[in-house]
Amino acid sequence: MGQDRYRTWSYATFVPEEISCGNRYAGWYNGEMPTEVGKIQKGQYCFVTSASAKCSSPRDARVLKCPGGFYVYHLLPTANANYGYCADADVCDVASEEWGREENNRLQYTSITGFYSSTRKTDTALGKKWVKITTGLGRIPTKCPGFQSCGTLYPGWMEGEHPVPADRVVDRKICYHTSVTMDSCCAHSQNIKVVSCSRNSKQFYLYKLYTTANNYGYCIDESPDEVCKIPNSQIKYITDQRHGTGHFYDSGFQADYQMYLIPSWMEVTIHQKRLVHQPPTQYFCGGIYAGWVEDAAPGPNEGVIDSRACFRDSMSNENCYQPQPLKMKNCNGKMRYLYTPPRVTRRNMCVEEDICDAKSHEVFTGETWRLAFTKTQGTDYKKDYRKMDTSPYRGWFRFAGVGHNKITEVQQEYMSCGTQYPGWMMTPHPYCGRRRS
């Protein structure tokens, strides 16, 4: 092409893809377009030579708006045959693939297939195509959806806001959440293109999406309220009393992964009807490594909260051991949880109990041999383990009809309180409604 003017209706003013517009290195106009007829606007011609080099070999550009509304560009010869200028097109009219209800397994909150490998969504065969989403909220979410969401292991969400129609085609980054920690919300990423369209008074988005690695998939946004609309027939229920915080380890109690192999949204129907949100005591809740929800329970006006299921690993350590992804939603006071159990034994989530309720503790009545400051007679020692090895053992108990009906806070002598090794409390009892002076 000689140094001359070339007439076209419109030259591409957005960044095209590398290897597009019939060229190896596609060229586009970087600058403002003239708005007045007869006015020349100066700008810059850029060429896309790689995914990161979007304005290589820049050249000065001049654009003239002519009567009739068309533009005339002052073009310079390209560096070689691999470079070429792009003509503009309305991306909203290009052929696109539609993701409708058949793609509901990509939904951010109600899709549970990502937890289970045989049904996990992955976009390894997607190719490179424009996609229109017509299910959910019709868009890719712009907030981290949580590990193992959206029907896949590593869900993809869009960093940055969606464009408006005047923005034309914009570049955005898809981030992938690759582990249970929130600092991995964008541990892996890839670039996409997005355009906002309006047709027949309806607004929608088109996304230029690309093939992903295995176990990576694009997410579809949806309203958190959809969780509360899931039919009861599709909800799993925690009904075994041994999940309660007052139940000691029971060797016959199955681990959570054995009862909830394919996770789904769950409700608790026992005790206080909610999971606990602080570290419970090890060896309780039916298992050895008792589990709790790391974050506070949401209120009814909050959305779906991403948290973690944590487990105790020792009596002295309350750190979050073997964390697993967990979502929760408050549906007008009724809690729903989406929980991925660890595939190991003796790990069970704990359900909150009202310990003061008579059904949640044992009563040791009239056992006067326990009285403090009483010397043990003979060798017929009393042994509490005989009381506590019957399943289901209630870990909470109280005394009635003996002494002050509480464990003594004074150290006892060897061979006292009816036993060989007497126990006492090293810290004061709690006081209800007021502090201990």
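What you see is a predicted model; the values in this text were computed from it and never measured.

**Student:** Describe unusual backbone geometry, listing the residues and the values that go with them.
**Tutor:** Phi at arginine 346 is positive, roughly 65°, even though this residue is not glycine. Phi is positive for phenylalanine 373, close to 65°, though the residue is something other than glycine. With respect to the helices and strands, phenylalanine 373 occurs in the loop between strand 21 (362-365) and strand 22 (397-400).

**Student:** How would you sum up the side chain of glutamine 148? Please name residues and give values.
**Tutor:** Topologically, glutamine 148 is positioned in the loop between strand 8 (128-133) and strand 9 (154-159). Side chain to side chain, glutamine 148 and threonine 340 meet in a polar contact 3.5 Å long. Apart from residues lying up to four places away in sequence, glutamine 148 is in contact with Phe115, Leu153, Pro155, Pro325 and Thr340.

**Student:** Residue-level account of the confidence of the model for the protein chain, with values.
**Tutor:** For the protein chain, per-residue confidence averages 88 on the pLDDT scale, and residues scoring 70 or more make up 94% of the total. Across the protein chain, element-level confidence peaks in strand 16 (residues 289-293) with a mean pLDDT of 97 and bottoms out in strand 1 (residues 4-8) with 51.

**Student:** With reference to specific residues and values, describe the pattern of salt bridges.
**Tutor:** Summed over the entire model, instances satisfying the criterion amount to 17 salt bridges. One salt bridge connects glutamate 103 with lysine 121, and the closest N-O pair in it is separated by 3.3 Å. Pair noted here: glutamate 103 is in the loop between strand 7 (97-99) and strand 8 and lysine 121 is in the loop between strand 7 and strand 8, with a separation of 18 residues, a long-range link. Of the two residues, glutamate 103 and lysine 121, both sit in the buried class. For arginine 274, the salt bridge is made with glutamate 352, and the minimal N-O distance between the two is 3.1 Å. Here the residue arginine 274 occupies a position in the loop between strand 15 (265-268) and strand 16, and glutamate 352 occupies one in the loop between strand 20 (347-349) and strand 21, the gap between them amounting to 78 residues. Arginine 274 sits in the partly exposed class, given a relative accessible area of 32%. Because the salt bridges share partners, they merge into one network encompassing Glu103, Arg106, Lys121 and Asp123.

**Student:** Go over the sheet that holds strand 19 (residues 334-339) with me, naming the residues and quoting the values.
**Tutor:** With respect to topology, 7 strands assemble into an open sheet ordered 14-15-19-18-17-16-20, the strand pairing being mixed. Among the strands making up the open sheet, the edge pair consists of strand 14 (236-238) and strand 20. The mean angle between the axes of side-by-side strands here comes to 35°, regardless of whether they run parallel or antiparallel. Where strand 16 and strand 20 come together, 3 bridges link them in parallel fashion. Considered in strand 20, the bridge of glycine 291 is made with methionine 349.

**Student:** Please provide a residue-by-residue account of the packing of aromatic side chains, values included.
**Tutor:** Scanning the entire structure with this criterion turns up 17 aromatic pairs. Aromatic pair phenylalanine 364 and phenylalanine 397: ring centres 5.0 Å apart, planes at 20°, arrangement stacked. A residue pair is termed long-range when its members are at least 10 positions apart, and phenylalanine 364 in strand 21 and phenylalanine 397 in strand 22 qualify at 33 residues. Since its relative accessible area comes to 31%, phenylalanine 397 is described here as partly exposed. Note that arginine 106 overlies the ring of tryptophan 99, its terminal NZ or CZ placed 3.9 Å from the centroid. The ring centre of phenylalanine 204 lies 4.2 Å from the NZ or CZ of lysine 132, which sits over that ring.

Cut-offs applied
Residues numbered from 1 in each chain as written. Predicted model: local features only at pLDDT ≥ 70, side-chain atom pairs only at ≥ 80, totals over all residues. Heavy atoms only, no water. Helix = DSSP H or I, 4+ residues; strand = E, 2+ residues; numbered from the N terminus. Polar contact = N/O pair within 3.5 Å; in protein donor to acceptor, adjacent residues only side chain to side chain. Contact = heavy atoms within 4.5 Å. pLDDT = per-residue confidence, 0-100. Salt bridge = Lys/Arg side-chain N within 4 Å of Asp/Glu carboxyl O. Buried < 20%, exposed > 50% of the residue type's maximum accessible area, 1.4 Å probe, protein only. Pairing = 2+ DSSP bridges. Axes fitted to C-alpha atoms, helices over the stretch in contact; angles between N-to-C directions. Phe/Tyr/Trp six-rings, centres within 6.5 Å; stacked < 30°, edge-to-face > 60°. Lys NZ or Arg CZ within 6 Å of the ring centre and 35° of its normal.

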